[in-house]
Amino acid sequence: MDVAIIGGTGYGAVELLRFLHNHPHVNVKKVISHSNSGTDLADVYPHLTEVADIQMSALEVDTLAEEVELVFFATPSNVSKNVIPSLVEKGVRCIDLSGDFRLRNGDKYQEYYGEEIAPWQYIDKAIYGLSEINKESIKEASILANPGCYPTATALGLIPAIEQGLIDSQSIIIDAKTGVSGAGRGLSLNFHFSEMTENFRAYQVGVHKHIPEIEQTLSELSHENIQVIFTPHVVPMTRGIMSTIYADMSDEYQTKQLLDIYHSYYKDHPFVRVRPEGVIPATKEVYGSNYCDIGLYADERTGKLIIVSVIDNLVKGASGQAIQNMNIMYGWDEKTGLDQLPIFP
Ligand SMILES: NC(=O)C1=CN([C@@H]2O[C@H](COP(=O)(O)OP(=O)(O)OC[C@H]3O[C@@H](n4cnc5c(N)ncnc54)[C@H](OP(=O)(O)O)[C@@H]3O)[C@@H](O)[C@H]2O)C=CC1
Ligand SMILES: CC(=O)N[C@@H](CCC(=O)OP(=O)(O)O)C(=O)O
């Protein structure tokens, strides 16, 4: 199947290429670049020389629709909402790595993304691509809203606890950390080497755009209006997200009991690995892979459940999850092209 990637010179796009290179059913026919059309991708990313080089082109919707069946958008927010409607009308399926089609509340979109939401007929079509809860609807998606990185790690850590009523859903506090590649390839002073190295900072406290996304997912799952406290931090590493979550337990559970529930919930989900009692995952243990690893501790002393969930932000948090969703949309094994070990050390 021929596909295209838009946002060619960004990290999400180049990570899509890394996995699609080994995908048996997919050929990357076009890489579209806003800033570098006409340039060879290997001139921007020399590691692709001779193995995955392609000349980038400018976006031309009619031609694209004739050439490919599926388009991945690895563009900043407020870009895909202006292009996806016309591609979908021409029968092209779209997977959007950005946040444009994730929220179903126009006021929240305006508040957190600073612009008007996409036209409602397209928001209504969009399927939120967290396959661990939405697999059936993903199969039919014409617009697939790939989840954000923090919402992926956080929701996967919380879903069994919310579904089984193991915690008080109004007591959730999420303390999350990301590597610098989460901010994309663009330059900014905060990510300058000397501002970043040996440093650790919280940012967008109380106002981060992933707050409404996390709340939407958890609220839909529980059929109640859940609010969370979410504080993101950036740490001096390239890849990885760790979401450490605290919530009041609804009963006097022991860690082993909760782990059994989590194991049973995720038994048919190949990319979620629940760690044994006493083992808490680290970001490097999922580096470069599509896994989400989860560790739990039921703190009987304070009555809190502590959940640690780790992903690679560029893989399960973005491009890997997008490919997993594509596999489900086309009826292929969801592990196709993604079945590789984390890079360690
Ligand atoms: N990095 C991460 O860990 C994650 C990222 N995401 C989301 O995925 C998307 C891509 O992220 P990422 O690849 O990291 O970001 P980057 O900033 O690395 O890349 C985005 C690319 O989009 C293109 N672009 C920039 N401005 C415009 C514009 N106005 N119109 C069209 N294209 C434009 C540029 O490529 P070119 O000029 O070549 O077209 C740019 O390199 C974003 O929405 C991001 O929030 C989601 C989860 C995790
Ligand atoms: C360090 C850093 O800036 N990380 C980014 C990660 C989020 C992201 O990529 O956003 P979407 O998935 O919603 O598009 C941020 O906090 O905005």
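Reading the values: rules and limits
- Residues numbered from 1 in each chain as written.
- Chains lettered and ligands numbered in written order.
- Predicted model: local features only at pLDDT ≥ 70, side-chain atom pairs only at ≥ 80, totals over all residues.
- UniProt positions renumbered as here; feature names shortened; annotations may be inferred.
- Pairing = 2+ DSSP bridges.
- Helix = DSSP H or I, 4+ residues; strand = E, 2+ residues; numbered from the N terminus.
- Near = placed C-beta within 6 Å.
- Nonpolar A, V, L, I, M, F, W, Y, C, P; charged D, E, K, R; others polar.
- Domains from an automatic or database assignment.
- Contact = placed C-beta atoms within 7 Å.
- Core = buried A, V, L, I, M, F, W, Y, C linked by C-beta atoms within 7 Å.
- Buried ≥ 20, exposed ≤ 12 C-beta atoms within 10 Å, placed from the backbone.

As named in an unreviewed UniProt entry, the chain is N-acetyl-gamma-glutamyl-phosphate reductase, taken from Gracilibacillus caseinilyticus. Its UniProt record gives the chain the following Sequence similarities (unreviewed entry) comment, quoted word for word: "Belongs to the NAGSA dehydrogenase family. Type 1 subfamily."

1. What about the sheet that holds strand β13 (residues 304-311)?
Sheet architecture is open: seven strands sit in the order β8-β9-β7-β10-β13-β12-β11, paired in mixed fashion. Where the open sheet ends on each side, the last strands, each with one partner, are β8 (201-202) and β11 (272-274). As paired strands, β11 and strand β12 (residues 292-299) are joined by three bridges and run parallel to one another. In the strand pairing of β12, V272 is matched with C292.

2. Topic: the site of ligand 1
Close to ligand 1 lie 29 residues; G10, G12, S35, S98 and G184 are nearest. Grouping the constituent residues of the shell around ligand 1 by class yields nine nonpolar, 19 polar and one charged. Taken domain by domain, the shell around ligand 1 gets at least three of its residues from each of domain 1 (2-125) and domain 2 (150-313).

3. Some points on the domain arrangement of the chain
One frequently used descriptor of interface size is the decrease in accessible area upon assembly of the parts. Taken domain by domain, the chain comprises domain 1 (2-125) and domain 2 (150-313). Summarising the inter-unit geometry, the C-alpha centres of domain 1 and domain 2 are found 27 Å apart. With 11 residues of domain 1 at the interface, the matching set in domain 2 holds seven residues. With three residues, the top contributor of residues to the side of domain 1 that touches domain 2 is helix α5 (residues 106-113). Class assignment of the residues belonging to the side of domain 1 that touches domain 2 gives a composition of four nonpolar, four polar and three charged.

4. Some remarks on the nonpolar core
Counting 90 residues, the largest nonpolar core has I5, L16, V71, F72, C94, L158 and L305 as the members making the most contacts within it. Ranked by residue count, the leading element in this core is helix α8 (residues 149-163), at nine residues. Viewed by domain, this core spans two of them, domain 1 (2-125) and domain 2 (150-313), each represented by three or more residues. The residues touching I5, leaving out its near neighbours within four places in the chain, are A13, L16, L17, V28, V31, I32, F72 and A74.

5. Observations concerning unusual backbone geometry
In the segment running from F344 into P345, the intervening peptide bond is cis, with an omega of 5°. Mapped onto the secondary structure, P345 falls in the segment after α12 (315-329). Here H223, not a glycine, exhibits a phi torsion of approximately 60°, which is positive. With respect to the helices and strands, the residue H223 is situated in the loop between α10 (210-222) and β9 (229-234). On the basis of neighbour count, H223 is assigned to the exposed category, with 7 C-beta atoms found within 10 Å.

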